[in-house]
Amino acid sequence: MNLLPQNYKDFHSAEYWENFFQKRGTKAFEWYGEYPELCGVLHKYVKTADNILMIGCGNSVLSENLFDVGHHNITNIDISDVVVRQMTERNKEQRPEMKYLKMDALDMEFKDSSFSVVLDKGTLDALMVDDSEAVNEDINKLFCEIGRVLKLGGRYVCISLMQDHILNKVLQYFPDIGWPVRIHKIDTENSENTDKDFHLPVFAVVFTKFKKMPNMKPILEISNSEDKLSRHNDVDEVKTLIKEVQYYAMIRQKLSKRNLFGEQVSLTLFTSASTEPRYTLHVLDVPETGLRKFAIFIVPQGRETDWLFGSEEGRNHLAKSAGFERLVVVSLSRHHTYVDMESVKQELSLKVMELAPPGYKEGVQVCSLSGDFSLKIPFLSLGEDIGSRTVVCEGHSELSGDYIVEDVVADEGQTFRRLIFTSCPNVIQSEARLKLEGKKKGKGKKKHVIDNSYLASHYYVAMVTGLGFLNSAVNKNERLSCVLIGLGGGGLPNFLHQHIPQMEINSVDIDPAIVEVARKWFGYQEDQRQRAHVADGIKFVQDAIKQGQKKDIVILDVDSKDRTTGMSCPPLPFVTPAFMTSVKDLLKDSGLLMINVVCRDDKLKNQVFQDIQEVFPYVYTKDFTDDVNTVLYALPSQPVLPDPTYRSETGGKKKGGPVDPLIRGLSANVSVLQKNIKDSNSSVSVDLVEMLQGIQLVNR
């Protein structure tokens, strides 16, 4: 039996609703939940003394339920004569005071200010089927009529799914006329209504009739299931929160029906105390037989940026290794605090059951890793330590957006300071290692300072290794000049400044906020050999050429803000033939260009390499296992490297070595370079010689 309309015009047709209720008979059609689910919210706003109007009542029993608990001043209207007669007949003996009238809610016959409450259970959704001009005109009439018949201070309580076009409409219309908006989510998940066809979450939206005041800011509130209110000034923020709830409900239904082989689903869980998510969940299914059914993996704080947890490939690897059919990987937010691992398990235990795979038996109790048999699913982690993270600075950059500087305690108690852009919360923009440094003569406590002997990335090590292309880099008495574009936290220039004292470094960054972060939080200090310039890197190079400057080294380590190009580092303007020509003009004939390339588009990457080869005759690359970075070395002329028979770090002669003559020559210089670095700081542990493996000439 087809009970639902074929097109939106049917919803506006009295004839359609006549046929609907004739087919349906007297059986109640409860669109969005029944009285037990709605009463908790309704009784906050609907009092027994209120004069109540129910618009589009249909054959819902909601009015009857309200009447039976003391709300005797209820008037029901509907466009269908059939349902009005049905409901009048059904209630004439038990509820003779209750009125049912045939009336169009868009053109009501009541006097102004007749009611203190207008109830709407699905009528707005039935009428506003889209956001076309004709439908909007009808909805404006509906809202105008509701405003007319409501008393000042009265409430329009609308039970709705809040689909996008409806959410947009109510959050534009009512704040514009000065009515406060309060949104409740109705808990209908455990409804006994077997006729329920709706799987989207249901909301009760309360609009209170106020007289609009000049310069009045919108009053927008959201109430969670614990009846705690959060107030918001921004309409877009409210839309985002509502859509998160809707997305969670749809995904929850999807996860309960089928497995997600080949895809990952991400969800966020919020609390009433914050608009920042408390947990981020990634759900993965493994297409193998004989696995255990379901588990949760909790990522310790600060480890969410690890490849294993922060990338789709890494999580796939984790899921296969864990041995479960479905694994939920949970990351903890840097904006929240957590007591310990056990409290996190308890907080998640009920919620994650909603994400169980099809056929999972809730009654089966499975021991957690901590030995707690009260939990129904196993919780996995790297240990019982939840990790430690301290946000030391939050700020905003006009160019890069919001950022966070945080100290994270990693394995074996080592502390790292990280710069994170909130637009990419799982990507470490810059990282420095902290070390404890005591005050002289034992006065005062030790404090954390930046350890400039640490190189955070493999590609940093590869760039230091690349200095072996320059014979001058191993000569302590020969000055080197370097332009580094892309300062970030200053980890690489700090290392070079401390360990290669003959090098003069000019670091360039277009973002003044990030330069200040490097100075204040990452130990970047300027002196005669090291300076920071807030400038456009391309223009800086062009200006240096005009001034007749020549440099030994140019390093490009610039991230792109445009994520649509397929290459996140460097931005495409930095690898055009025109700019490459400018860099070549800035370099000495014996100079070196090094670029950190991050590109997932192989076709684009190959094209960029070809463009660089059109300018630089000698181009080499270094790739890394399980890393998207490639370090590119470009030289204006063929490198003149030492004889393959070279002195080892201990000073004795060493023959043989790597077979490739280029690598042999590089090894000679890099071996001396590493010795010089260790002589300046014995705590440096990087192995530059090992990094030589895999450096290769790019074929034309």
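Thresholds applied
- Residues numbered from 1 in each chain as written.
- Predicted model: local features only at pLDDT ≥ 70, side-chain atom pairs only at ≥ 80, totals over all residues.
- Heavy atoms only, no water.
- Salt bridge = Lys/Arg side-chain N within 4 Å of Asp/Glu carboxyl O.
- Helix = DSSP H or I, 4+ residues; strand = E, 2+ residues; numbered from the N terminus.
- Buried < 20%, exposed > 50% of the residue type's maximum accessible area, 1.4 Å probe, protein only.
- Arc of directions from axis to C-beta.
- Contact = heavy atoms within 4.5 Å.
- Polar contact = N/O pair within 3.5 Å; in protein donor to acceptor, adjacent residues only side chain to side chain.
- Phe/Tyr/Trp six-rings, centres within 6.5 Å; stacked < 30°, edge-to-face > 60°.
- Axes fitted to C-alpha atoms, helices over the stretch in contact; angles between N-to-C directions.
- Parallel < 35°, antiparallel > 145°, perpendicular 65-115°, else oblique.
- Left-handed = near helix turned anticlockwise from the far one by under 90°.
- Nonpolar A, V, L, I, M, F, W, Y, C, P; charged D, E, K, R; others polar.
- Pairing = 2+ DSSP bridges.
- Patch = residues over 30% accessible without salt bridge, like charges linked within 9 Å, V, L, I, M, F, W, Y side chains within 5 Å.
- Areas by Shrake-Rupley, 256 points an atom, 1.4 Å probe, with all protein chains shown as cover.
- Lys, Arg positive; Asp, Glu negative; His and termini not counted.
- Charge placed at Lys NZ, Arg CZ, Asp CG, Glu CD.

**Q** How should the pattern of salt bridges be read in this particular structure?
**A** Side-chain pairing between opposite charges can occur once the charged atoms of the two side chains come close. Under the defined criterion, the tally for this structure stands at 26 salt bridges. For R85, the salt bridge is made with D81, and the minimal N-O distance between the two is 2.9 Å. Here D81 and R85 lie together in helix α5 (residues 81-91), a separation of four residues that amounts to about one turn. Counted as one network, the salt bridges with shared partners bring together E304, R334, R389 and E406.

**Q** Mind showing me how you'd approach helix α16 (residues 537-546) here?
**A** Two residues of an α-helix separated by three or four positions point the same way, owing to the 3.6 residues in each turn. For α16, the complete set of buried residues consists of G537, I538, F540, V541 and A544. In a view along the axis of α16, the buried residues occupy a sector of 165°, so they form one face of it. On its buried side, α16 packs onto β20 (480-485), β21 (503-509), β22 (530-534) and α17 (577-586). The opening residue of α16, the one whose side-chain oxygen lies 2.8 Å from the backbone nitrogen of I538, is D536. Backbone geometry just after α16 places G548 at a positive phi near 80°.

**Q** Mind showing me how you'd approach the environment of K351 here?
**A** Looking at where K351 falls in the secondary structure, it is placed in helix α12 (residues 341-352). Given a relative accessible area of 32%, K351 falls into the partly exposed group. Expressed as a C-alpha distance, the spacing of K351 and L269, which sit 82 residues apart in the sequence, is 9.1 Å. Dropping the residues within four chain positions of it, K351 is found in contact with Y248 and L269.

**Q** Mind showing me how you'd approach the packing of aromatic side chains here?
**A** The way to describe two aromatic rings as a pair is by their centre distance and the angle between their planes. The final tally for this structure, using the stated rule, is 16 aromatic pairs. Between Y173 and F174, the aromatic rings sit 5.1 Å apart at their centres with planes inclined by 70°, giving edge-to-face as the arrangement. Considered together, Y173 and F174 belong to a single accessibility category, that of buried residues. Considering the side-chain rings of F416 and Y454, the 5.5 Å spacing of their centres and the 55° angle between planes classify their relative orientation as tilted. A residue pair is termed long-range when its members are at least 10 positions apart, and F416 in strand β17 (residues 415-421) and Y454 in the loop between β19 (447-451) and α13 (458-466) qualify at 38 residues.

**Q** In this structure, what is going on with the packing of α16 against α17? I would like to understand it.
**A** The description of two packed helices rests on the angle between their axes and on the distance between the axes. Their axes nearest at 9 Å, the elements α16 and α17 cross at an angle of 40°. The pairing of α16 with α17 is recorded here as oblique in orientation. Our pair here, α16 against α17, has a crossing hand that is left-handed. Facing α16, whose interface residues are G537, I538, V541, Q542, A544 and I545, α17 presents F579, S582, V583, D585 and L586. The residue makeup of the contact of α16 with α17, split by class, is seven nonpolar, three polar and one charged.

**Q** Honestly, the pairing of strand β25 (residues 587-599) in this entry has me stumped. Any pointers?
**A** In regular strands, side chains alternate between the two faces of the sheet. Buried residues dominate β25, accounting for 10 of its 13 residues. In the sheet, strand β23 (residues 551-556) pairs with β25 via five bridges, with the strands oriented parallel. Bridge pairing links K551 to L587 in β25. Of the pairings in the sheet, the one linking strand β24 (residues 567-569) to β25 comprises two bridges and is antiparallel in character. When the sheet's bridge partners are listed, C569 is paired in β25 with V598.

**Q** When you look at the packing of helix α8 (residues 164-176) against helix α9 (residues 235-257) in this model, what are you seeing that I'm missing?
**A** Viewed as axis vectors pointing N to C, α8 and α9 meet at an angle of 150°, and their least axial separation amounts to 11 Å. The angle between the axes of α8 and α9 places the two elements in the roughly antiparallel class. Crossing angle aside, the handedness with which α8 passes α9 is right-handed. Mapping the contact onto sequence places D164, L167, N168 and L171 in α8 and V235, V238, K239, I242, K243 and Q246 in α9. Taken together, the residues of the contact of α8 with α9 break down into five nonpolar, two polar and three charged.

**Q** Would you mind going over the pairing of strand β15 (residues 388-397) with me for this structure?
**A** Pairing between β15 and strand β16 (residues 401-409): nine bridges, direction antiparallel. Among the inter-strand pairings, S397 is bridged to a residue of β16, identified as G401. Connecting the antiparallel pair β15 and β16 is a turn made up of three residues.

**Q** Is there a simple way to think about a negative patch on the surface in this case?
**A** On the surface, D234, D236, E237, E276, E394 and D402 cluster together into a patch of negative charge. Relative to the elements of secondary structure, D234 occurs in the loop between β9 (229-232) and α9. The exposure class assigned to D234 is partly exposed, which follows from its relative accessible area of 39%.

**Q** I keep staring at the sheet that holds strand β13 (residues 324-332) and nothing clicks. Help me out?
**A** Hydrogen bonds along the backbone pair up the strands of a sheet, which may run parallel or antiparallel. Across the sheet, five strands lie side by side as β10-β11-β13-β12-β14; this open sheet has mixed pairing. The open sheet terminates on both sides in strands that have one partner only, identified here as β10 (264-269) and β14 (379-380). Pairing of strand β11 (residues 279-285) with β13 involves seven bridges; the strand directions are antiparallel. Residue L281 lies in a different strand from β13, and its bridge partner there is V330. Of the strands in this sheet, β10, β11 and β13 are in contact with α9, which crosses β10 at around 135°. Lying on the sheet, α12 is in contact with β10, β11, β12 (292-299), β13 and β14; it crosses β12 at an angle near 135°.

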